[in-house]
Amino acid sequence: MKYLIIGTAGHVDHGKSALIKALTGTETDRLKEEKERGISIDLGFALLPLAEDIMAGIVDVPGHERFLKNMLAGTGGMDLVMLVIAADEGVMPQTREHLAMLSLYGVKRGVIVINKIDKVDAEWLELVEAEVKELLAGTFLETAPSCRVSAFSGEGVEELKDVLLAQARLAGVRDSKAPFRLWIDRVFSIKGHGAVVTGSLLSGEATVGDLLRLDPVGAQVRVRGVEWHGKKVERVVAGQRAAINIVGVESEALARGMVLSAEHVGEVGAVWDVRLEWREEVDSGSRIRLHIGTGEYIGRLYRFKDRPAEVGRLVLEEEVAAAPGDRGIIRQYSPQYLLAGVTMLRPGARRTPPKESRVRLGEALTGKDEKEFLSALLADADEPLNKTEVLSLAGYRAPKPLLDALAALLEAEEITSLESGYVRAAWLNEKEEKLKAALEVFHAEEPERSGISKEALRQRLHLAEKTFECLVRRFVAAGWLKALGGDLALTEHAERHARWERELIAKAQEILEKIGLEDVQEDWLQKQLNIPEERRKVVWATLVRQGVLIRMGGIHVYSKTIQNIVTVIQEHFQRHATLSVSELRDLINTSRKYAMPILEYLDMNKYTKREGDTRTCGAKLKDLSE
């Protein structure tokens, strides 16, 4: 079964609701005020079976300018539109505005319905049709079929159904295998059941028991029950109108414009980079209304001198949930005239201009080349994306063609796989060159240091921690990068430095072997090693780091001297149960200046254990004895 959404558009009182009733038998004006005033104020819905294998849901939208935002709430999910024009009035202001909005929303297919033909003669009807033809020239409805209808008498209604069926067969099929998405257009509560939301399924399917995400609040909800045009069902699929009973959130927290989706679809933000299709350009910083999905959002639109005119940034007063490629429109805040169509790209930063890669992403989203889209998406992300993340950012794009394109790009070696996802081969080469260059600069500036700390290098390259670690492991495996504990170095430098360290340690040990228990001073050791002043601190730090010198309190002692002291203490504990400060002083023939820091070091390293003013044999000494 093929399901699709048919929408209406047109000027107020041109008979949209009456036409739907003639087609379906359903009265879509459900509010008391709508019935009293004879115009649609909010969205109405009806079911229209077109064939055994095609079922359409019709969305009736208001035509009055005052209720334009309600009209726009029903536009985003249309597969097919009926542009309704009253024969007795012809093209009117809202006819023109609705047509412009449908074009900017990206609606591709429709039917022209000349309604109320019972109110005019044949000559007048021909004049109206000529006016309509002129209006539609150059638009997506230029070659659309046209039907003469009287919703009042029923004339032409069956012919209209046949035309709708023909257009429905030509319309694309929404992908039920794609991740689930639904823009909420109504919210209500049923006693004993809780919150219920309605909307048109843009993609995917929902089954009783499914866990979904509610954005922009980020709450997880569970599907308690589903209905399709008043009928309880176990599952609803893409292209259907659905009412979904959800648990996990109170109905008071729900609102039109929110999105129900699978856990891994789309992004949330108040600042979005966008691609614009201008109808009337405005100055940067202008206050605007964004209409996307079923919601309206207030904010400002910013433009940038060094970016193309079709690239801008929206700074909104509240967060909106969307995915790259989602279409909407922008109206001026007041007076509320149409400014542009908008394609959502990705959340941006408030102050810096959109990246060049964002411009490329916007261009890729206008086409159907999945390879180009993936390449642009990976370039814009500037970090690895796994399959789940790719699908999350794919919006309405079908998963299978995307994954096929991913496999083709991998085979062509245009992209490559890291532990955390996929990157462009060019991106990987660029990061490799930048990392090598950063290390070469560091080694030239500080040749005596074994390497730069991982964190310092990561910050220089402006990489996320997870991405940086993946790159490090890859480049270490490649052999040109060396990991030295928490530091990194080019392998060639690391090998040179290791030789220098070995020579330094050997020379220092030869000198220190002769001094016994002494506080080794930095300036003294510099003279003994005959090294220049500018290298003194590096040499000292190296000997401390390598454990040649051990810092105890405020003194530094040669490590082998400490090993000898440990041996003396071990022999002492073979004859005595405790060790005092004075006993240690006598054992190693030293002063309290050295005895106290040595005992504290021995305590800390579990060679001894302090009990009051004396020490007993520590765990490490016991292990050595055993």
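Residues numbered from 1 in each chain as written. Predicted model: local features only at pLDDT ≥ 70, side-chain atom pairs only at ≥ 80, totals over all residues. Heavy atoms only, no water.

Draft legend 1. Region of the structure containing the sheet that holds strand β20 (residues 311-322). Around the barrel, which closes on itself, the six strands sit in the order β17-β20-β19-β18-β21-β22 with antiparallel pairing between neighbours. Pairwise comparison of adjacent strand axes, ignoring direction, gives a mean angle of 40 degrees for this sheet. Here strand β17 (residues 267-278) pairs with strand β22 (residues 338-347) via six bridges, running antiparallel. Note on β22: the bridge partner recorded for Trp272 is Pro347. Sheet strands in contact with helix α4 (residues 93-105) are β17, β18 (286-292), β21 (327-332) and β22, and its direction is about 135 degrees off that of β21. (Pairing = 2+ DSSP bridges. Helix = DSSP H or I, 4+ residues; strand = E, 2+ residues; numbered from the N terminus. Axes fitted to C-alpha atoms, helices over the stretch in contact; angles between N-to-C directions. Contact = heavy atoms within 4.5 Å.)

Draft legend 2. How the structure looks around the nonpolar core. By size, the foremost hydrophobic cluster in this structure holds 31 residues, and its most contacted members are Leu83, Ile112, Ile114, Val132, Leu136 and Leu141. Mapped by element, the contributors of at least two residues to this core are β1 (2-9), β4 (80-86), α4, β5 (110-115) and α5 (122-136). Ranked by residues supplied to this core, first place goes to α4 with six residues. Setting aside anything within four residues of it in sequence, one finds Ile112 in contact with Leu83, Ile85, Val132, Leu136, Leu141, Ala144, Pro145, Ser146 and Cys147. (Core = buried A, V, L, I, M, F, W, Y, C linked by side-chain atoms within 4.5 Å. Buried < 20%, exposed > 50% of the residue type's maximum accessible area, 1.4 Å probe, protein only.)

Draft legend 3. Examining a negative patch on the surface more closely. Taken together, the side chains of Asp13, Asp88, Glu89, Asp118, Glu155, Glu159 and Asp162 define an acidic patch exposed on the protein surface. In this structure, Glu155 sits in the loop between β6 (146-148) and α6 (157-170). (Patch = residues over 30% accessible without salt bridge, like charges linked within 9 Å, V, L, I, M, F, W, Y side chains within 5 Å. Areas by Shrake-Rupley, 256 points an atom, 1.4 Å probe, with all protein chains shown as cover. Salt bridge = Lys/Arg side-chain N within 4 Å of Asp/Glu carboxyl O. Lys, Arg positive; Asp, Glu negative; His and termini not counted. Charge placed at Lys NZ, Arg CZ, Asp CG, Glu CD.)

Draft legend 4. A look at the pairing of β20. Among the twelve residues in β20, nine count as buried, and that is most of the element. By the bridge criterion, eight bridges tie β17 to β20 in an arrangement that is antiparallel. Paired with Asp273 across the two strands is Arg313, which belongs to β20. In this structure, strand β19 (residues 295-303) lies alongside β20, joined through five bridges in antiparallel fashion. Residue pairing in the sheet places Tyr302 in a bridge with Arg313 of β20.

Draft legend 5. Structural context of the environment of Trp500. Structurally, Trp500 can be placed in helix α14 (residues 491-512). Put simply, Trp500 and Glu448 are 52 residues apart on the chain and 8.6 Å apart in space, counted from C-alpha to C-alpha. Every residue in contact with Trp500, bar those within four places of it in the chain, is listed here: Glu448, Arg535, Val538, Val539 and Thr542.

Draft legend 6. Highlighting the side chain of Thr608. Along the chain, Thr608 turns up in strand β31 (residues 608-611). What makes Thr608 buried here is its relative accessible area of 3%. Of the polar contacts made by the side chain of Thr608, one reaches the side chain of Asp603; its length is 2.5 Å. Residue contacts for Thr608: discarding those within four places in its chain leaves Ile569, Phe573, Leu599, Leu602, Asp603, Arg615, Thr616 and Gly618. (Polar contact = N/O pair within 3.5 Å; in protein donor to acceptor, adjacent residues only side chain to side chain.)

Draft legend 7. Here's a closer look at the side chain of Ser200. Within the secondary structure, Ser200 sits in strand β9 (residues 194-203). Taking the relative accessible area as the measure of exposure, Ser200 reaches 11% and is therefore buried. Side chain to side chain, Ser200 and Arg241 meet in a polar contact 3.2 Å long. Apart from the residues within four sequence positions on either side, Ser200 is in contact with Ile5, Arg181, Leu182, Trp183, Asp185, Gln240 and Arg241.

Draft legend 8. Broad picture of the sheet that holds strand β27 (residues 487-490). Here three strands make up an open sheet; going across it, the order is β25-β27-β26 and the pairing antiparallel. Looking at the sheet topology across the chains shown, the edges are occupied by β25 (452-453) and β26 (481-484). The pairing of β26 with β27 spans four bridges and is classified as antiparallel. Looking across to β27, one finds that Lys482 is bridged to Ala489. Sheet strands in contact with helix α11 (residues 425-445) are β25, β26 and β27, and its direction is about 95 degrees off that of β27.

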